[in-house]
Amino acid sequence: MTFLAIDIGNTRLKWSLYASATRDAAMLAQGVEFLEHIEKLAEGGWASIAPPRHVLGCVVAGDTVRRRVQEQMEQWDVFPQWVVASSYEAGVNNGYDYPARLGADRWVAMIGAWHRCLARGPARPLVVVMVGTAVTVDAIDASGRFLGGLILPGHGIMLRALESGTAGLHVPTGNVVEFPTNTSDALTSGGTFAIAGAVERMVAHLRQRCGAEPCCVMTGGAGWKMAPSMPSQFELVDNLLFDGLLEMAARRFV
Ligand SMILES: Nc1ncnc2c1ncn2[C@@H]1O[C@H](COP(=O)(O)OP(=O)(O)O)[C@@H](O)[C@H]1O
Ligand SMILES: CC(C)(COP(=O)(O)O)[C@@H](O)C(=O)NCCC(=O)O
Ligand SMILES: [K+]
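Parameters at a glance
Residues numbered from 1 in each chain as written. Chains lettered and ligands numbered in written order. Predicted model: local features only at pLDDT ≥ 70, side-chain atom pairs only at ≥ 80, totals over all residues. Heavy atoms only, no water. Core = buried A, V, L, I, M, F, W, Y, C linked by side-chain atoms within 4.5 Å. Buried < 20%, exposed > 50% of the residue type's maximum accessible area, 1.4 Å probe, protein only. Helix = DSSP H or I, 4+ residues; strand = E, 2+ residues; numbered from the N terminus. Contact = heavy atoms within 4.5 Å. UniProt positions renumbered as here; feature names shortened; annotations may be inferred.

1. Observations concerning the nonpolar core
Logical step 1: Counting residues in hydrophobic clusters, the biggest one holds 37 residues, and the most contacted among them are Phe 3, Leu 56, Val 83, Trp 107, Leu 126 and Val 217.
Logical step 2: Contributing elements (two or more residues each) for this core: β1 (3-8), β4 (54-59), α2 (104-118), β8 (126-131), β11 (215-219) and α6 (240-252).
Logical step 3: Per element, the largest residue contribution to this core is 9 residues, and it comes from α2.
Logical step 4: Once residues within four sequence positions are removed from consideration, Val 83 is found in contact with Leu 56, Gly 57, Cys 58, Ala 104, Trp 107, Val 108, Leu 245, Met 248 and Arg 252.
Logical step 5: Ala 139, Val 199, Met 230 and Phe 234 belong to the second-largest nonpolar core, a separate cluster that totals 21 residues.

Here it is as structure tokens:
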């Protein structure tokens, strides 16, 4: 009864195989593939795993990528399900104007984070930050309603935008410092504090809106880069998307 969870972002595909589609399932195998290399999954990471009984994935990288990944599953007799954000799932209400237009990865991350915080105590408002190709900063109130969220460029996109829009900003990666005194540090610190600042504003807005201190969770491939510069209450969670997919799978595949 193994279960394969897949998270396809705009840069990388992440997958995780579980012994069952249940909340505390044992993880059997995990892998990461850059989108340029997803044709190799069937003969690479997925060649040696037992055929999964269920597959649930979220994809924000477009239909062509999704089809290419599905082709890699033809060796198995399984019909993958792909998450589409809806108006309600797994305890979370979706306040987006058009619920289905919310990125599936944001929806899954919020559901994972919501249950993670609930497992620790009474419901609190929640801020979920995902630092991937883009950065998203999403807010949920203490009743489980997604109130709305921010989308920002990620580190790579910010740097490329500055490089292509100016004549003099082609420099190596720098360090994050409070008062940068060279171009490299100025660019790296600018990007990092742009993200940290947006996050601080969202935490403040949510605290004000709900009148309670939010639970704060961060995830994503570039989360470790942001961690030292984040407001102190943030917890970095590597498997948040997979936690969310497991929550959903436990309800779908019973
Ligand atoms: N080893 C790495 N290789 C490439 N990018 C990395 C690596 N470690 C962290 N990153 C950062 O993580 C981002 C990709 O994170 P990820 O969560 O996989 O994004 P997405 O979900 O959008 O595909 C990259 O934009 C990069 O900034
Ligand atoms: C905001 C995103 C581009 C983030 O993508 P990622 O950085 O995870 O690759 C993705 O969630 C997306 O395409 N969302 C759809 C638009 C929306 O959420 O409003
Ligand atoms: K992502």
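2. Remarks on the UniProt feature "binding site: ATP" (unreviewed entry) in the protein
Logical step 1: Per the UniProt record, the feature "binding site: ATP" (unreviewed entry) sits at Asp 7, Ile 8, Gly 9, Asn 10, Thr 11, Arg 12, Leu 13, Lys 14 and Thr 133. The greatest C-alpha distance among the annotated residues, which extend across 127 residues, is 13.5 Å, indicating that they converge on a single site.
Logical step 2: Look past the residues within four positions of Ile 8 in its chain and what remains in contact with it is Leu 13, Leu 35, Cys 58, Val 59, Val 60, Ala 61, Val 65, Val 69 and Trp 82.
Logical step 3: Of note, Thr 11 is situated in the loop between β1 and β2 (12-18).
Logical step 4: Classification of Thr 11 as partly exposed rests on a relative accessible area of 33%.
Logical step 5: Setting aside residues up to four positions removed in sequence, Thr 11 forms contacts with Phe 34, Leu 35, Glu 36 and Thr 133.

3. A closer look at the UniProt feature "active site" (unreviewed entry) in the protein
Logical step 1: UniProt records the feature "active site" (unreviewed entry) for Asp 105 in the present numbering.
Logical step 2: Turning to its location among the elements, Asp 105 is positioned in helix α2.
Logical step 3: In this structure Asp 105 comes out as buried when scored by relative accessible area, which is 17%.

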